[in-house]
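# Breakdown of the fold
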Amino acid sequence: MTATTTSPPRILLTGVTGFIGGSVLTQLLDSTSPSLRSAPITCLLRGADRAAKLKAAYGDRVNPVLYNDLDDLATTTAIASQHDVVISTTLGYHLPSARALLEGLAQRKKSHPSSEPWFIHTSGTSNVGSRPISRAWVDAPDSPDGRAFDDAVDDIYAYERERDAVEPYIQRTTELGVVDAGIELGVCTLVVMAPTIYGVGTGLFNKRSVQIPSFVATALDHGRAVMIGDGKGVWDHVHVEDLASLYELLAVRALDARGQGLPRGKKGIIFASAGRHSWEGIAQGVARACHEAGLLPDATVESVSLPEAAKLFGASYPTEPEEAMIELGLASCAQTIPTVARSLGWSPVRGDDAWERGFRDDVDAVLKERREKSR
């Protein structure tokens, strides 16, 4: 049913069967915010069995809507046009589906002139990552840790636009396309640029992240934990539940105050970091966790070249096993300062203990996944 001007503001969430999206859904459903508790959450997904599982778990709080896939653009636009806030946590490098969502929100705004629809897009900090192994892109050659970006100080959009003209990267290109389409269509956009995400997801489906589990899977396949080059590249991290709490905060702002106080468009690219690590630190954490579980003979970490890494991680990392993609996602420098999120009231609570426990959790998750696949 199409929402009317007297209906509660409606939220559409994509990617609900994924790690981030499932955790965001749980966070929104558990929220004490009156706006979120009164707003039905539509979940755009594939598979009648998945839709049935959502309804069985959450009842009338959710409204599963089926579509064919990300290329089902007509359905995507039609569903988005019935909503006030769209939170997209599907693939961050599929621009046609993101634009379809934005076109739907533009239709919503046209049919309800008093509304102010918002599109919250999920991206990642590899977009701003230096490449210290290949030296193909180095932002701060005099700093061993690379450049640190502050979303309240630096013009992130301008940096990404300039860089993408020289070194296209599909996730960055998609993010820029989202911002530009929002401006073109008159729809408010806000991009959450997440760092390494860890922890156990709280959704019904995928409960594990990508980067650290890839290190785990590669260690198990190779017989030893590995790092790429010297592993000195520095990144940030955030627990998935802390990240989900940021989405809750943004959704409440968009619903309650029409987004008042939220950055948007070219200024609306924000970070979500809560801690910092090196890739060597990740490799060491994986080595410890695998050794303690009796899966590796010792906790030694082996350094491998970038070409070797592209082969080793090819089976576990969800991109093309190209050296540039592997370096950006698993060996780059991408330090970020989430000044905007903090100023909005975001306060992540999980620290070093949770980070260390995350390695054991990811070992368990990879083992469970392999057991299920072997049945």
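Please refer to the structure higher up on the page.
Every value quoted in this text rests on a predicted model; they were computed, and no experiment measured them. (Residues numbered from 1 in each chain as written. Predicted model: local features only at pLDDT ≥ 70, side-chain atom pairs only at ≥ 80, totals over all residues. Heavy atoms only, no water.)

Within the protein chain, the secondary structure is distributed over 14 helices and 14 strands. Computed over its C-alpha atoms, the radius of gyration of the protein chain comes to 20 Å, within 12% of the 21 Å expected for a compact globule of 375 residues. Per-residue burial over the protein chain gives 56% buried out of 375 residues. For the protein chain, the proportion of contacts with a sequence separation of at least 24, taken over those separated by at least 6, is 77%. Per element, the accessible surface of the protein chain, about 15200 Å² overall, is 51% carbon and sulfur. (Helix = DSSP H or I, 4+ residues; strand = E, 2+ residues; numbered from the N terminus. Rg over C-alpha atoms; globule rule 2.2 N^0.38 Å. Buried < 20%, exposed > 50% of the residue type's maximum accessible area, 1.4 Å probe, protein only. Contact = heavy atoms within 4.5 Å. Areas by Shrake-Rupley, 256 points an atom, 1.4 Å probe, with all protein chains shown as cover.)

Take the pattern of salt bridges next. Inspection of every chain in the model, using the stated rule, returns 20 salt bridges. Note that R99 is salt-bridged to E103, the shortest N-O span being 3.0 Å. With R99 and E103 both in helix α5 (residues 95–111), this residue pair falls 4 residues apart, about one helical turn. Overall, the relative accessible area of 25% leaves R99 in the partly exposed class. A salt bridge links E241 to R350; the nearest nitrogen and oxygen atoms lie 3.5 Å apart. With a gap of 109 residues between them, E241 in helix α9 (residues 240–256) and R350 in the loop between α13 (339–343) and α14 (352–374) connect regions that are remote in the sequence. Since its relative accessible area comes to 28%, E241 is described here as partly exposed. Several salt bridges share partner residues, and in doing so they unite R131, R163, D164, E167, R172 and E327 into one network. (Salt bridge = Lys/Arg side-chain N within 4 Å of Asp/Glu carboxyl O.)

Bringing the packing of aromatic side chains into the picture now. Counted according to the given criterion, the structure contains 6 aromatic pairs. Aromatic side chains F215 and W279 sit 5.9 Å apart centroid to centroid with 15 degrees between the ring planes, which places their arrangement in the stacked category. Of the two residues, F215 sits in helix α8 (residues 211–222) while W279 sits in helix α10 (residues 279–292), which places them 64 residues apart along the sequence. Its relative accessible area of 1% is what places W279 among the buried residues. Directly above the aromatic system of W346 lies the positively charged group of R342, at a separation of 5.8 Å from the ring centroid. (Phe/Tyr/Trp six-rings, centres within 6.5 Å; stacked < 30°, edge-to-face > 60°. Lys NZ or Arg CZ within 6 Å of the ring centre and 35° of its normal.)

What sets the pattern is the α-helix's 3.6 residues per turn: residues three or four places apart point alike. The end-to-end C-alpha distance of helix α1 (residues 19–30), which contains 12 residues, comes to 17 Å, matching closely the 16 Å that a straight helix rising 1.5 Å per residue would cover. Of all 12 residues in α1, 10 are buried; the element is thus mostly enclosed. Residues of α1 that are buried: F19, I20, G21, G22, S23, V24, L25, T26, L28 and L29. (Expected span 1.5 Å × (residues − 1).)

A few words on the environment of I156. Along the chain, I156 turns up in helix α6 (residues 156–166). Note: C-alpha distance between I156 and A251 (95 residues apart in sequence) is 22 Å. Among residues more than four places away in sequence, those in contact with I156 are F149, D150, D151, M193, I269 and F271.

Here the focus is the sheet that holds strand β12 (residues 275–278). Consider a sheet: its strands pair through backbone hydrogen bonds, and that pairing is either parallel or antiparallel. Here we have 3 strands laid out as an open sheet, ordered β8-β10-β12, and mixed in their pairing. With one partner strand each, in any of the chains shown, β8 (196–198) and β12 form the two edges of the open sheet. Neighbour-to-neighbour, the strand axes of this sheet turn through a mean angle of 40 degrees, independent of strand direction. Sheet topology note: the strand β10 (residues 234–239)/β12 ladder contains 4 bridges and is antiparallel. Along β12, the bridge assignment pairs W235 with H277. Across the sheet, α9 touches β8 and β10, and the angle it forms with β10 is around 75 degrees. (Pairing = 2+ DSSP bridges. Axes fitted to C-alpha atoms, helices over the stretch in contact; angles between N-to-C directions.)

A separate point is unusual backbone geometry. The backbone phi angle of R135 is positive, close to 65 degrees, even though this residue is not glycine. Structurally, R135 is set in the loop between β5 (118–124) and β6 (148–150). You will see that R258, though not glycine, has its phi angle at about 55 degrees, which is positive. Residue position: R258 is located in the loop between α9 and β11 (269–271).

Before going further, it helps to examine the sheet that holds strand β4 (residues 85–88). Strand order in this open sheet of 7 strands is β3-β2-β1-β4-β5-β7-β11, and the pairing throughout is parallel. A single partner strand is all that each edge strand has here, and the edge strands are β3 (62–66) and β11. Recorded for the sheet is a direction-independent mean angle of 20 degrees between the axes of neighbouring strands. Here strand β2 (residues 41–45) runs beside β3; their pairing, made up of 5 bridges, is parallel. Opposite T42, over in β3, you have N63 as the bridge partner. Helix α7 (residues 170–185) rests against β5, β7 (188–194) and β11 of the sheet, and its axis sits at about 165 degrees to β5. Helix-sheet contacts for α9 involve β1 (11–14), β4, β5, β7 and β11, and the interaxial angle to β7 is about 170 degrees.

Time to look at a positive patch on the surface. Positive charge collects at one region of the surface, where K53, K207, K368, R371 and R375 lie side by side. Mapping K53 onto the fold places it in helix α3 (residues 48–58). (Patch = residues over 30% accessible without salt bridge, like charges linked within 9 Å, V, L, I, M, F, W, Y side chains within 5 Å. Lys, Arg positive; Asp, Glu negative; His and termini not counted. Charge placed at Lys NZ, Arg CZ, Asp CG, Glu CD.)

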